[in-house]
Amino acid sequence: MTDPFDSRKARAAAWFHTLRDRIVAAFEDLEDRFADGQPGRFEVTPTTRADGGGGIMSVMRGGKVFEKVGVNWSEVHGSLGEKAQRAMAARGVPGMAEDPRFWASGISLVAHMVNPHAPAVHMNTRMFWTPGASWFGGGSDLNPAIEYAEDTADFHAEMQRACDAHAPDYYPRFKAWADEYFFVPHRGRARGVGGIFFDDLNTGDWEADFAFTKAVGEAFLPAFLPVTERRLATPWSEADKDVQLIHRGLYAEYNLVYDRGTKFGLETGHDANAVLMSLPPVAKWT
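Residues numbered from 1 in each chain as written. Predicted model: local features only at pLDDT ≥ 70, side-chain atom pairs only at ≥ 80, totals over all residues. Heavy atoms only, no water.

Trainee: I'd love a proper account of the packing of helix α1 (residues 6-34) against helix α5 (residues 206-231), names of residues and values included.
Mentor: Running from N to C, α1 and α5 cross one another at 5°; their axes reach a closest spacing of 12 Å. When the interaxial angle is binned, α1 and α5 end up roughly parallel. Residues that form the contact of α1 with α5 fall into these classes: 15 nonpolar, 3 polar and 8 charged. (Axes fitted to C-alpha atoms, helices over the stretch in contact; angles between N-to-C directions. Helix = DSSP H or I, 4+ residues; strand = E, 2+ residues; numbered from the N terminus. Parallel < 35°, antiparallel > 145°, perpendicular 65-115°, else oblique. Nonpolar A, V, L, I, M, F, W, Y, C, P; charged D, E, K, R; others polar.)

Trainee: Residues and numbers for the pattern of salt bridges, please.
Mentor: Tallied over the entire structure, the rule returns 25 salt bridges. One salt bridge connects Arg-248 with Glu-67, and the closest N-O pair in it is separated by 2.8 Å. Linking Arg-248 in helix α6 (residues 238-257) with Glu-67 in strand β3 (residues 66-79), this pair joins segments that are 181 residues apart in sequence. Neither Arg-248 nor Glu-67 differs from the other in exposure class; each is buried. Residues Asp-141 and Arg-191 are paired through a salt bridge, measuring 3.1 Å at the closest nitrogen-oxygen approach. Residue Asp-141 is found in strand β6 (residues 133-143), and its partner Arg-191 is found in the loop between β8 (189-190) and β9 (194-201); the two are separated by 50 residues along the sequence. The exposure classification of Asp-141 matches that of Arg-191, with both residues buried. Look at the salt bridges and you will find they share partners, linking Glu-150, Asp-151, Asp-154, Arg-230 and Arg-231 into a network. (Salt bridge = Lys/Arg side-chain N within 4 Å of Asp/Glu carboxyl O. Buried < 20%, exposed > 50% of the residue type's maximum accessible area, 1.4 Å probe, protein only.)

Trainee: Help me get a handle on the sheet that holds strand β1 (residues 43-48), residues and values and all.
Mentor: Spatial strand order, β1-β2-β3-β4-β5-β6-β9: 7 strands in an open sheet with antiparallel pairing. At either margin of the open sheet sits one strand with a lone partner, and together these are β1 and β9. Each strand axis lies, on average, 10° off the axis of its neighbour in the sheet, ignoring direction. Bridge analysis of β3 against strand β4 (residues 101-113) gives 13 bridges, and the strand direction is antiparallel. If you follow Asn-72 over to β4, its bridge partner there is Ser-108. (Pairing = 2+ DSSP bridges.)

Trainee: Any details on the environment of Asp-99? Residues and values, ideally.
Mentor: Tracing the backbone shows Asp-99 in the loop between α2 (82-90) and β4. The sequence separation of Asp-99 and Gly-139 amounts to 40 residues, and the corresponding C-alpha distance is 29 Å. A polar contact is formed between the side chain of Asp-99 and the side chain of Arg-101, at a distance of 2.9 Å. (Polar contact = N/O pair within 3.5 Å; in protein donor to acceptor, adjacent residues only side chain to side chain.)

Trainee: Pulling in residues and values, what's your account of the pairing of β9?
Mentor: Burial analysis of β9 places 7 of its 8 residues in the buried class, the great majority of the element. The sheet contact formed by β6 and β9 spans 6 bridges and is antiparallel. Each bridged residue has a counterpart across the sheet, and for Gly-139 the counterpart in β9 is Phe-197.

Trainee: Residue-level account of the packing of helix α3 (residues 149-164) against α5, with values.
Mentor: Relative to each other, α3 and α5 sit at 160°, their axes nearing to 8 Å. The angle between the axes of α3 and α5 places the two elements in the roughly antiparallel class. By crossing handedness, the relation of α3 to α5 is classed as right-handed. Along its contact with α3, which presents Glu-150, Asp-151, Asp-154, Phe-155, Glu-158, Met-159, Ala-162 and Cys-163, the element α5 presents Phe-212, Ala-215, Ala-219, Phe-220, Pro-222, Ala-223, Phe-224, Val-227, Arg-230 and Arg-231. (Left-handed = near helix turned anticlockwise from the far one by under 90°. Contact = heavy atoms within 4.5 Å.)

Trainee: Outline the pairing of β3, supporting the account with residue identities and numerical values.
Mentor: Judged by how many residues are buried, β3 sits mostly within the fold: 10 of 14 residues are covered. In the sheet, strand β2 (residues 53-61) pairs with β3 via 9 bridges, with the strands oriented antiparallel. Among the inter-strand pairings, Val-59 is bridged to a residue of β3, identified as Gly-70. Turn length for the β2-β3 hairpin, with the two strands adjacent in sequence and antiparallel, is 4 residues, and the turn residue Gly-62 shows positive phi of about 70°.

Here is the structure:
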């Protein structure tokens, strides 16, 4: 018997792939327009997961605008191990012990910039399915080493526009969730200036939830490109670069210690290089 979710999985995976293609093209265009010298280009590598599925790892290193940026797409499936089953059960996912199968697809992006005045950024959108439940998750948050209030305001305005078109309570809820989720407890501070974050989104209307998830993905380029273009010509000093490298250390600490996606990717056997592409190329601790 055909699984009614098969067509939904295919639609979601295809859309995440399309979003990946659009963002990669936009980032290479940014390199073409702003690079002083040879513009950077993505290296594209297929990834595989032993238990089933794989994806595309796209990483640009040493660009003129992007010091390192990864835009990954994946579609994976298989059976969750005991640790992952327990984690899912603790989140309220039913039936994990009886049937630990899963399917997941999504796009994950992290950009670290050359110019310390241009903000680092993270974005992901994803769909997760188990026999007992399915849901969407994602969000985007801005991580400037040197904060500009207008950049923060403009980025949040785009996130709010995406949310407000679907439900009036989404933006305040998901902004607060991002503030909580992207907090670094051992440092007593946030890793950036926030954005939105949501998970376990299943309102009972799959089409509406998918439409909202697409809206979040589509809001990324309008939110990120203008604030980035605004800062790319800003002169910077070695002291500015030092501030950026120290901030990257905070980012690395968060992703290695707390990030749920990093933990899940490593625990389920996905390509470690793809999972850890979010780490900055160079960081500093004092």
